[in-house]
Amino acid sequence: MYLLETYAIIMFKHCISYHQLTTVFKRSKMEAKEGVNSHSANEITCKAAVAWGPGQPLSIQQIRVQPPQKLEVRIKILFTSICHTDLNAWQGVNESQRVYPRILGHEASGVVESVGEGVDDIKEGDHILTIFNGECGECTYCKSKTTNLCAKFRVDPLQCVMRNDGKTRFLTQDGKPIYHFLNTSTFSEYTVMDSACVVKINPKAPLNTMTLLSCCLSTGMGSVINTANIHQGSTVAVFGLGAVGLAVILGAKTRGASTIIGIDINDDKRIKGQKLGMTNFINPNELKTSVHEKISEMTEGGVDFSFECAGNLDVLREAFLSTHDGWGLTVVLGIHPTPRMLPLHPMELFDGRTITGSVFGGCKGKTQLPLFVDQFMNMEDLKLEEFITHELPFNKIDQAFELLIHGKSLRCLLHF
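Here we summarise the structure given alongside this text. (Residues numbered from 1 in each chain as written. Predicted model: local features only at pLDDT ≥ 70, side-chain atom pairs only at ≥ 80, totals over all residues. Heavy atoms only, no water.)

1. Digging into the overall build of the chain
Now for step 1: When you go through the chain residue by residue, the secondary structure sums to 12 helices and 18 strands.
Now for step 2: Scaling as 2.2 N^0.38, a compact globule of 416 residues should have a C-alpha radius of gyration of about 22 Å, and the chain matches this with 21 Å.
Now for step 3: Summarising its shape, the C-alpha atoms of the chain cover approximately 65 × 45 × 40 Å along the three principal directions.
Now for step 4: Taking all 416 residues of the chain together, 55% fall into the buried category.
Now for step 5: Put simply, 69% of the contacts in the chain that link residues at least 6 apart link residues at least 24 apart.
Now for step 6: By element, 52% of the accessible surface of the chain is carried by carbon and sulfur atoms, the whole surface being about 18000 Å².
Now for step 7: Computed over 40 positive and 43 negative side-chain charges, the separation of the two mean positions in the chain equals 4 Å. (Helix = DSSP H or I, 4+ residues; strand = E, 2+ residues; numbered from the N terminus. Rg over C-alpha atoms; globule rule 2.2 N^0.38 Å. Buried < 20%, exposed > 50% of the residue type's maximum accessible area, 1.4 Å probe, protein only. Contact = heavy atoms within 4.5 Å. Areas by Shrake-Rupley, 256 points an atom, 1.4 Å probe, with all protein chains shown as cover. Lys, Arg positive; Asp, Glu negative; His and termini not counted. Charge placed at Lys NZ, Arg CZ, Asp CG, Glu CD.)

2. Some points on the packing of aromatic side chains
Now for step 1: If you walk through the whole model with that rule in mind, you get 5 aromatic pairs.
Now for step 2: When the centroid spacing of 5.1 Å and the interplanar angle of 40° are considered together, the rings of Trp90 and Phe401 count as tilted. One end of the pair, Trp90, is in helix 3 (residues 84-91); the other, Phe401, is in helix 12 (residues 397-405), with 311 residues separating them in the sequence. Of the two residues, Trp90 and Phe401, neither departs from the other in class, the shared state being buried.
Now for step 3: Through a chain of ring-to-ring contacts, the aromatic side chains of Trp90, Phe187 and Phe401 assemble into a single cluster.
Now for step 4: Sitting above the plane of the Tyr141 ring, Arg154 keeps its charged end 4.7 Å from the centroid. (Phe/Tyr/Trp six-rings, centres within 6.5 Å; stacked < 30°, edge-to-face > 60°. Lys NZ or Arg CZ within 6 Å of the ring centre and 35° of its normal.)

3. Notes on the pairing of strand 3 (residues 59-65)
Now for step 1: Two elements, strand 2 (residues 44-50) and strand 3, share 7 bridges in a ladder whose sense is antiparallel. Across the sheet, residue Thr45 finds its bridge partner in strand 3, namely Arg64.
Now for step 2: Both strand 3 and strand 7 (residues 170-171) contribute to a ladder of 2 bridges, which runs antiparallel. Looking at the pairing, Val65 lines up with Phe170 of strand 7. (Pairing = 2+ DSSP bridges.)

4. What to know about the sheet that holds strand 14 (residues 305-308)
Now for step 1: The 6 strands lie next to each other as 13-12-11-14-15-16, forming an open sheet whose pairing is parallel. Each edge of the open sheet carries a strand with a single partner, namely strand 13 (280-282) and strand 16 (354-357). Here the average twist between neighbouring strands, direction ignored, is 20°.
Now for step 2: In the sheet, strand 11 (residues 235-239) pairs with strand 14 via 4 bridges, with the strands oriented parallel. Counted as the bridge partner of Phe239 is Glu308 from strand 14.
Now for step 3: Docked against the sheet, helix 9 (residues 291-299) engages strand 11, strand 12 (259-263) and strand 13, running at close to 160° with respect to strand 12. (Axes fitted to C-alpha atoms, helices over the stretch in contact; angles between N-to-C directions.)

5. Some remarks on the nonpolar core
Generally speaking, nonpolar side chains in soluble globular proteins are found buried as a group.
Now for step 1: Ranked by size, the top nonpolar core spans 104 residues in total, and within it Ile63, Phe187, Met210, Leu217, Phe307, Phe387 and Ile397 carry the most contacts.
Now for step 2: Per-element accounting of this core gives the leading share, 8 residues, to helix 7 (residues 243-254).
Now for step 3: Once residues lying within four places of it in the same chain are set aside, the contact partners of Phe187 are Ala48, Ala49, Thr80, Ser81, Ile82, Asp86, Ile103, Leu104, Gly105, Phe394, Ile397 and Phe401.
Now for step 4: The next biggest cluster of nonpolar side chains, apart from the first, holds 9 residues, and it includes Ile263, Ile282, Val303 and Ala319. (Core = buried A, V, L, I, M, F, W, Y, C linked by side-chain atoms within 4.5 Å.)

6. Observations regarding the state of the cysteines
A covalent bond between the sulfur atoms of two cysteines is referred to as a disulfide.
Now for step 1: Taken as a whole and assessed by the stated rule, the structure comprises 0 disulfides.
Now for step 2: No disulfide involves Cys46; its sulfur sits 19 Å from the nearest other cysteine sulfur, which is in Cys197.
Now for step 3: Free of any disulfide, Cys83 has its nearest cysteine sulfur in Cys215, 4.4 Å distant. (Disulfide = S-S within 2.5 Å.)

7. Digging into the pattern of salt bridges
Now for step 1: Tallied over the entire structure, the rule returns 15 salt bridges.
Now for step 2: The shortest N-O distance in the salt bridge between Arg340 and Asp314 comes to 3.6 Å. With a gap of 26 residues between them, Arg340 in the loop between strand 15 (329-332) and strand 16 and Asp314 in helix 10 (residues 313-321) connect regions that are remote in the sequence.
Now for step 3: One network of salt bridges, in which partners are shared, links Glu72, Asp165 and Arg169. (Salt bridge = Lys/Arg side-chain N within 4 Å of Asp/Glu carboxyl O.)

8. Points about helix 11 (residues 365-377)
Now for step 1: Between the first and last C-alpha of helix 11 there are 18 Å, a value that for 13 residues agrees with the 18 Å anticipated at 1.5 Å per step.
Now for step 2: Regarding helix 11, the residues found buried are Gly365, Gln368, Leu369, Pro370, Phe372, Val373 and Phe376. (Expected span 1.5 Å × (residues − 1).)

Below, the structure is given as structure tokens:
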């Protein structure tokens, strides 16, 4: 019996849907025929999208995936998606982070294929989410209630090898290393990750939508719950209505915010935002005044909370000034590749406004995500499907990038 057929039976026992079961079963037979097989007793040959240079078309090719070492896990990826972090890395926006060849991707779900020595919280057949900001559970950071960073496995775009031995678990067919990305590297049929970055979830959860908890949903909704702690009746402004910004809107709605203002230069985001709970929409290009002045006028002095999700320093300043003096809080979620510094004068902080950053929405991944999954499964009005605007087979990953570049998609879900 093929190895992947065995996994299909395991998934069936774990209550995966018949459609998912048959899909994986058919895929496993095709993979065995097309070359996804054991290269040796402990090595797998499979398909991956490899980035060979900044902006170069991704190469869909056969690679070799090494077995997991101590405290590592090898995963069969079922669904993965693309966000702007992947796009920036592929384009090489930050020169210090350019490492090639490299397998990108960080938002994904799948099934555990095998585990290394010492892994006792995850086993073969478990359904999992990948997380780029790990949680070892033992360091002073993980034991702290005030941070979700980890001393060893926190997000690090410069980390491109495994921490155990400084080597990669990906090789070209002729044995040359292919580098890792954000603790995850999910643009591959199989990946190897530190167990601190692998989250076991309820096997009854739909992996397609739960994939979004691997990044955008946790970042957006988590920042509302963990970082800002929005309360009933709060007023909120969200700058940038990509997937993360829309997740902030969804989170603010679930927390009972009375006013949720979405700001974006793309009018198409208005309808999507309204579906998820946005009460007002502003297109800065249609204003004769500044955005923060308009928001101050709408909310009698400014909002309680603003969220910057655009990765633009000018937008960040508008977000900061849009909050009410005396108590307003700005949460920075956007990734800023620019070398420019914060556009604030220290004396502006004496007006009582505060500003903070939020990594992965303040979520402790291995602790909090399984709880999120269970909660989301029982909340039918969350409309998570609204975030998945496109679905494509993995070999059309270049098309998925084009959709994102041209603002046509929120999340394009790729399936193997």
